Amino acid sequence: SFLRRGGGGLLTLALLGLGSSADALPIAFVDGVGADNERRYPIPTADGATIDRRAQIILVRHGGHVFAMALACPHENAAVKWLASDGRFQCTKHDSRYTPEGTYTSGHATRNLDRFPVRREQNEIVVTVDRVFRSDQNLAQWTAAGVAL
């Protein structure tokens, strides 16, 4: 609920620090389209992160795969931001750190960023938004929640 009400502003503030070094994994903003339980996005043409603030989703293309992750850190649901100079995501509240694929590396959190189920349909990535995979509850589904390009 916090992210839905104020996450957009918090995220905007968190991303203001992205300088010209952000080209390591560029950030774009988009509104996905689709039904209540699915959001559709064009397949990213290059490595980068696309943020859908309305749906609270980060769509990441990295290393030949696309992942859809929750915009919130699993520790206390604060927004995560991209730190291009370090090549990672970081929680804006307690500095938990994550790889571009959402894997937890350090900080207060105790698990990876949550992932949404995704599939490819022609030139789109379809994200199922009414389910989320937590790595601490179902590592196999969390690991499989990506699309190889």
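Caption draft 1: Layout of the packing of aromatic side chains. In this structure the tally under the stated criterion is two aromatic pairs. Plain terms: the ring middles of Trp82 and Phe89 are 5.0 Å apart, the flat faces sit at 70° to each other, and that makes the pair edge-to-face. Residue Phe89 is classed as buried on the basis of its relative accessible area, which comes to 2%. A cation sits over an aromatic face here: Arg115 above Trp142, 3.6 Å from the ring centre.

Caption draft 2: Just the nonpolar core, in detail. Judged by nonpolar contacts, the single largest core of 17 residues is most densely connected at Ile58, Val60, Met69, Cys73, Val80, Phe89 and Tyr98. Elements represented by at least two residues in this core include exactly β3 (48-52), β4 (57-62), β5 (65-70), β6 (80-83) and β7 (88-91). Beyond its immediate sequence surroundings of up to four residues, Cys73 is in contact with Ala78, Val80, Cys91, Ser96, Tyr98, Ala109 and Leu113. With twelve residues, the next largest nonpolar core counts Tyr41, Val66, Ala70 and Val147 among its residues.

Parameters at a glance
- Residues numbered from 1 in each chain as written.
- Predicted model: local features only at pLDDT ≥ 70, side-chain atom pairs only at ≥ 80, totals over all residues.
- Heavy atoms only, no water.
- Phe/Tyr/Trp six-rings, centres within 6.5 Å; stacked < 30°, edge-to-face > 60°.
- Buried < 20%, exposed > 50% of the residue type's maximum accessible area, 1.4 Å probe, protein only.
- Lys NZ or Arg CZ within 6 Å of the ring centre and 35° of its normal.
- Core = buried A, V, L, I, M, F, W, Y, C linked by side-chain atoms within 4.5 Å.
- Helix = DSSP H or I, 4+ residues; strand = E, 2+ residues; numbered from the N terminus.
- Contact = heavy atoms within 4.5 Å.

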